Amino acid sequence: MDGVLSNNFLQRFDQLYDFKNDNLYLEVNDRLYTPFYDFLAR
């Protein structure tokens, strides 16, 4: 279940991994306001 919740959260952001400095940058995309628990209602 953790993987489903994590994927559902992370799909709302564009991700940039900076391996040199060990950083993860998240930028909001157009899926931000989609229903979060939509997968539980099916």
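Refer to the structure above for everything that follows.
This report concerns the structure included in the present document. Every chain begins its residue count from 1, and numbering advances along the sequence as written. Predicted model: local features are reported for residues with pLDDT of at least 70 only, side-chain atom pairs are reported and counted for 80 or more only, and whole-chain, interface and lining totals are derived from all residues. In computing side-chain properties, one takes all heavy atoms of the structure into account and sets aside hydrogens as well as water.

1. Remarks on the overall build of the protein
Next, step 1: Counting secondary structure elements, the protein contains one helix and two strands.
Next, step 2: Three labels apply to residues, based on accessible area from a 1.4 Å probe with only protein chains included: buried if under 20% of the type maximum, exposed if over 50%, partly exposed otherwise in between. For the protein, buried positions account for 10% of its 42 residues.
Next, step 3: Note on contacts: a residue pair is in contact if any heavy atoms of the two residues lie within 4.5 Å. Taking the intrachain contacts of the protein between residues at least 6 apart in sequence as the baseline, contacts between residues at least 24 apart amount to 26%. Only DSSP runs of H or I covering at least 4 residues are called helices, and only runs of E covering at least 2 are called strands; the numbering of each starts at the N terminus.

2. Brief notes about the pairing of strand β1 (residues 13-18)
Next, step 1: At least two bridges found by DSSP between two strands is the condition for calling them paired. Sheet analysis places β1 next to strand β2 (residues 23-28), joined by six bridges and oriented antiparallel. The partner of D18 across the bridge, within β2, is N23.
Next, step 2: Between β1 and β2, which pair antiparallel in sequence order, lie four residues; one of them, D22, sits at a positive phi of approximately 55 degrees.

3. Let's talk about the packing of aromatic side chains
Next, step 1: Within 6.5 Å between ring centres, the rings of Phe, Tyr and Trp (the latter by its six-membered ring) count as paired, and their orientation is classed by plane angle as stacked under 30 degrees, edge-to-face over 60, tilted in between. Inspection of every chain in the model, using the stated rule, returns two aromatic pairs.
Next, step 2: Their ring planes at 55 degrees and their centres at 5.3 Å tell us that F9 and F13 sit as a pair that is tilted.
Next, step 3: By relative accessible area, which is 39% here, F9 ends up partly exposed.
Next, step 4: You can call F13 buried: its relative accessible area is 16%.
Next, step 5: An angle of 15 degrees between the planes, with centres 6.0 Å apart, marks the rings of Y17 and F19 as stacked.

Remember, this is a structural readout, not a statement about activity or role.
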